[in-house]
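# Fold and geometry: a report
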Amino acid sequence: MRNKSWGMLHWLWISGAVLILDQVVKHLIVDSFYLYEQMPVIPSFFSLTLAYNTGAAFSFLSDQGGWQRWFFVGVASVVSLMLVSWLIRMKKEESWQACSMALILGGAMGNLYDRVMNGYVVDFLLVYYDRWYFPSFNLADVAITIGAGMLILDMFRSQPASQS
């Protein structure tokens, strides 16, 4: 019988899997690409590349003097602790939310590891069309986005039926 005080922490395997997969792929990319080199996967739409992001999403604050590294380390650390705390308090029937939190946590930890170890996040997925380029991103960002999307979907599917 599972100890109720541990809540939904058994979902942390997803966080670990995201963290490991993210880091393995990042190391493969760093070992295989020069900075900004592109390898088209789907011509005129999707490439693998190597980019370093010292900022946050969409390179927010990347042009600052370096203080942003520790700011984002602090933010990611606090958010990660909050997510673990949230998982501890979740009930068995909240598995959808627990899965989404685990995805977000795994992504946050993948990018946190990069920031602590390198001072930047390794990005390698590049979507573009003609001269329009979406900012490059990585598997950690994909996990965070999927987890956030799951939370948004859950808000709609959990709405109680309005009573007349």
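Relevant structure appears above.
Cut-off values and rules
Residues numbered from 1 in each chain as written. Predicted model: local features only at pLDDT ≥ 70, side-chain atom pairs only at ≥ 80, totals over all residues. Heavy atoms only, no water. Pairing = 2+ DSSP bridges. Helix = DSSP H or I, 4+ residues; strand = E, 2+ residues; numbered from the N terminus. Contact = heavy atoms within 4.5 Å. Axes fitted to C-alpha atoms, helices over the stretch in contact; angles between N-to-C directions. Core = buried A, V, L, I, M, F, W, Y, C linked by side-chain atoms within 4.5 Å. Buried < 20%, exposed > 50% of the residue type's maximum accessible area, 1.4 Å probe, protein only. Parallel < 35°, antiparallel > 145°, perpendicular 65-115°, else oblique. Nonpolar A, V, L, I, M, F, W, Y, C, P; charged D, E, K, R; others polar. Expected span 1.5 Å × (residues − 1). Arc of directions from axis to C-beta. Phe/Tyr/Trp six-rings, centres within 6.5 Å; stacked < 30°, edge-to-face > 60°.

So, about the sheet that holds strand S2 (residues 46-53). Strand order in the open sheet formed by four strands is S1-S2-S3-S4, and the pairing between neighbours is antiparallel. Either end of the sheet is taken by a strand with one partner, and the two such strands are strand S1 (38-42) and strand S4 (132-133). Lying over the sheet, helix H1 (residues 12-32) contacts S2 and strand S3 (121-129), oriented at roughly 80 degrees with respect to S3. Together, S2 and S3 form the strand contacts of helix H3 (residues 95-118), whose direction differs from that of S3 by roughly 120 degrees.

What follows concerns the nonpolar core. Ranked by size, the top nonpolar core spans 17 residues in total, and within it Trp11, Ile14, Leu87 and Leu103 carry the most contacts. Here the element with the most residues in this core is H3; it accounts for seven residues. Ranked by size, the runner-up nonpolar core spans ten residues in total, among them Phe33, Leu48, Leu125 and Val127.

One way to put it is that H1 packs onto helix H4 (residues 139-157) with a least axis distance of 8 Å and a crossing angle of 150 degrees. Between H1 and H4, the crossing angle belongs to the class labelled roughly antiparallel. Residues Val18, Leu21, Asp22, Val25 and Lys26 of H1 touch H4, and the partners they reach there are Leu139, Ala140 and Ala143. The residue inventory of the contact of H1 with H4, partitioned by class, reads six nonpolar, no polar and two charged.

Moving on, we get to H1. The end-to-end C-alpha distance of H1 is 30 Å, a good match for the 30 Å that 21 residues give at a rise of 1.5 Å each. Taken residue by residue, H1 has Ile14, Ser15, Val18, Asp22, Gln23, Lys26 and Ile29 as its buried positions. The arc that holds every buried residue of H1, seen down its axis, measures 155 degrees, which confines them to one face. Opposite the packed face of H1, turned more than 90 degrees from it, sit the exposed residues Trp13, Ile20, Leu28, Asp31 and Ser32. Buried-residue contacts for H1 involve S2, H3, S3 and H4.

Now for the packing of aromatic side chains. Summed over the entire model, instances satisfying the criterion amount to four aromatic pairs. Seen from their ring centres, Tyr52 and Tyr120 are 4.2 Å apart, and the 40 degrees between their planes marks the pair as tilted. Of this pair, Tyr52 sits in strand S2 while Tyr120 sits in the loop between H3 and S3, placing them 68 residues apart in sequence. Given a relative accessible area of 31%, Tyr52 falls into the partly exposed group. A residue is classified by how much of its surface remains accessible, and Tyr120, at 22% relative accessible area, is partly exposed.

Interpretation note: all reported values are geometric properties and have no functional meaning in isolation.
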